[in-house]
Amino acid sequence: MRILAYGVAGWLILAGAYGMVRSRNLVHVTVCLSVAQSGTYVLLLAIGYQWGAPAPVFSPGSPIKLPVVDSVVQSLAFTDIVVSATVTALLLALAIQIHKTHRTLDPDELQSLKG
Amino acid sequence: MSRRARQAVFGTGAAVLAVLFALAAAGLPPFGGDQHPYRDRAVAAALHQATANVVASLTFDLRGLDTLGEEMILLGSVVGAVALLRPRPDEKPHADDKTSRPQQDAVALISYVFLPLTLLLGFDLLVHGHLTPGGGFQGGVVLATGLHLLYLSGGYDALRRLRPLAWYEWVEGLTTAAFALAGTANLVNFLPHGRVQQLFSAGTVPILNILVGFAVGAGAVVLLAQFLTQAITLEGEG
């Protein structure tokens, strides 16, 4: 169990990167990048986890007491997700423009620079 | 570089990364343990500021400057997408709008029912971001999603008529500017903190939450509008 969460994080990063390397479609590359980024969320949340501890949100009516899971890495994961979403939007916009200019989304056919 | 060579290069790099990652993971504190020194300090700081949602306290109070940077990344991405997706000179909007096709009744009905509910949920997430899970970023995305239910129910025309895009651009700009002003003025959590778990507590956290919520919501609307324009109304020559 100790290894599993970190292993999943590393596997997601490598699987996403491998998908990007052998991709034949730029939209697929963007999705693979999202998969690789999910690995960083899993890694952050795994570092902050504590067995039996609830979420670090003391909603009205719930007791205010430790332990809770680590809120610092949750906040970092949250920033990570927002940045990932914005990067995805930009990459998809680029894919649209590349398709308009080159009539293809296959990265292997984008070898030559065109004006 | 051929595909085979590229995969070989990747394989080498991935193997090295996997080994280094495994070594690093082996040196981490055990999974699920009770040693979280940053957690202890962050929870103490959040309770000192009377913020029930410790993550919100971290995001908008302790790491407020980081969130300002995040907000700037969001603004940069919206500006970048608008610049990338602006219509080219040879692209004209359709003469006949192919989106006026009849919608399926069930889809339209459910969208009309969920439109007000989703907007309400979005505002609820914004206002209670310092008390319950949620906050500005989540609430803003829910608001933008709710607005786009109009597209499912009434089609693109309905969305375009009820969504004056210029307003959203202004909201995005002004709320981001307000957030940036608060950040550059070295603003600390100066408002009265109130009592923890009350609606009026946590000082500036709920205000920043609402500002960010409007910025994110407006940003998402502007962003999606560019993609919808590309997909629906533009007709390229070549």
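Residues numbered from 1 in each chain as written. Chains lettered and ligands numbered in written order. Predicted model: local features only at pLDDT ≥ 70, side-chain atom pairs only at ≥ 80, totals over all residues. Heavy atoms only, no water.

You'll find chain B entered in an unreviewed UniProt entry as MnhB domain-containing protein, with Paractinoplanes globisporus given as the organism. Per UniProt, chain B has the following entry under Sequence similarities (unreviewed entry): "Belongs to the CPA3 antiporters (TC 2.A.63) subunit B family." (UniProt positions renumbered as here; feature names shortened; annotations may be inferred.)

The name given to chain A in an unreviewed UniProt entry is Cation:proton antiporter subunit C, with the source organism recorded as Paractinoplanes globisporus. In UniProt, chain A has this text filed under Sequence similarities (unreviewed entry): "Belongs to the CPA3 antiporters (TC 2.A.63) subunit C family." Under Subcellular location (unreviewed entry), UniProt gives the following word-for-word description of chain A: "Cell membrane".

On to the interface of chain B and chain A, then. With 53 residues of chain B in contact, the opposing surface of chain A contributes 54 residues. Where chain B abuts chain A, roughly 4800 Å² becomes buried across the two surfaces, and 66% of that area is made up of carbon and sulfur atoms. Of all residues in chain B, the largest losses of buried area upon contact with chain A belong to Arg3(B), Phe10(B) and Phe31(B), amounting jointly to 16% of the total for that side. At the boundary of chain B and chain A, one finds 0 salt bridges. Connecting chain B to chain A are 14 residue pairs in polar contact (both at pLDDT 80 or more). (Contact = heavy atoms within 4.5 Å. Buried area = accessible area lost by both parts, 1.4 Å probe. Salt bridge = Lys/Arg side-chain N within 4 Å of Asp/Glu carboxyl O. Polar contact = N/O pair within 3.5 Å; in protein donor to acceptor, adjacent residues only side chain to side chain.)

What follows covers the confidence of the model for chain B. Looking at chain B as a whole, its pLDDT mean stands at 82, while 92% of the residues score no less than 70. Put simply, strand β2 (residues 234-235) of chain B is where chain B has its lowest mean pLDDT, 66, and helix α1 (residues 3-26) of chain B is where it has its highest, 90. (pLDDT = per-residue confidence, 0-100. Helix = DSSP H or I, 4+ residues; strand = E, 2+ residues; numbered from the N terminus.)

All names here are of chain B. On the surface, Phe-123, Val-127, Val-171, Leu-199, Phe-200, Ile-210 and Phe-214 cluster together into a nonpolar patch covering about 610 Å² of accessible area. If you list the elements that add at least two residues to the nonpolar patch, you get α5 (105-127) and α8 (205-233). Here Ile-210 lies in helix α8. The exposure class assigned to Ile-210 is partly exposed, which follows from its relative accessible area of 31%. (Patch = residues over 30% accessible without salt bridge, like charges linked within 9 Å, V, L, I, M, F, W, Y side chains within 5 Å. Areas by Shrake-Rupley, 256 points an atom, 1.4 Å probe, with all protein chains shown as cover. Buried < 20%, exposed > 50% of the residue type's maximum accessible area, 1.4 Å probe, protein only.)

A separate point is the nonpolar core. Ranked by size, the top nonpolar core spans 14 residues in total, and within it Phe60(B), Phe137(B), Phe179(B), Val205(B), Val212(B) and Val216(B) carry the most contacts. Only α3 (71-102) of chain A together with α3 (54-62), α4 (64-84), α7 (165-184) and α8 of chain B provide two or more residues apiece to this core. Residue contributions to this core peak at 4 residues, all from α8(B). If near-sequence neighbours (up to four positions away) are discounted, Phe179(B) is found in contact with Phe60(B), Gly64(B), Thr67(B), Leu68(B), Leu208(B), Leu211(B) and Val212(B). Formed by 10 residues, the second largest nonpolar core is a distinct cluster that contains Val72(A), Val43(B), Ala52(B) and Leu131(B). (Core = buried A, V, L, I, M, F, W, Y, C linked by side-chain atoms within 4.5 Å.)

Below, the discussion takes up the packing of aromatic side chains. Throughout the structure, instances matching the rule amount to 8 aromatic pairs over all chains. Aromatic pair Tyr49(A) and Trp51(A): ring centres 5.3 Å apart, planes at 85°, arrangement edge-to-face. Taking relative accessible area as the criterion, Trp51(A) reaches 48% and is therefore assigned partly exposed. Grouping aromatic residues by their ring pairs yields a cluster made of Tyr6(A), Tyr49(A), Trp51(A) and Phe31(B). (Phe/Tyr/Trp six-rings, centres within 6.5 Å; stacked < 30°, edge-to-face > 60°.)

Next up on the list: the packing of α3(A) against α8(B). Relative to each other, α3(A) and α8(B) sit at 20°, their axes nearing to 11 Å. The orientation of α3(A) relative to α8(B) falls into the category roughly parallel. The interaxial crossing formed by α3(A) with α8(B) has left-handed handedness. The residues of α8(B) that touch α3(A), namely those facing Ala89(A), Leu92(A), Ala93(A), Ile96(A) and Lys100(A), are Leu223(B), Phe227(B) and Gln230(B). For the contact of α3(A) with α8(B), the class distribution of residues is 6 nonpolar, 1 polar and 1 charged. (Axes fitted to C-alpha atoms, helices over the stretch in contact; angles between N-to-C directions. Parallel < 35°, antiparallel > 145°, perpendicular 65-115°, else oblique. Left-handed = near helix turned anticlockwise from the far one by under 90°. Nonpolar A, V, L, I, M, F, W, Y, C, P; charged D, E, K, R; others polar.)

Right, let's get into the UniProt feature "transmembrane region" (unreviewed entry) in chain A. Under the UniProt annotation, the feature "transmembrane region" (unreviewed entry) is placed at residues 76-96 of chain A. As annotated, residues 76-96 of chain A comprises 100% helix and 0% strand, and the C-alpha atoms at either end are separated by 31 Å.

What follows covers the side chain of Ser23(A). Within the secondary structure, Ser23(A) is located in the loop between α1 (2-21) and α2 (26-48). A polar contact is formed between the side chain of Ser23(A) and the side chain of His28(A), at a distance of 2.7 Å. Leave out the neighbours within four places in its chain, and Ser23(A) touches His28(A), Val29(A), Pro107(A) and Arg3(B).

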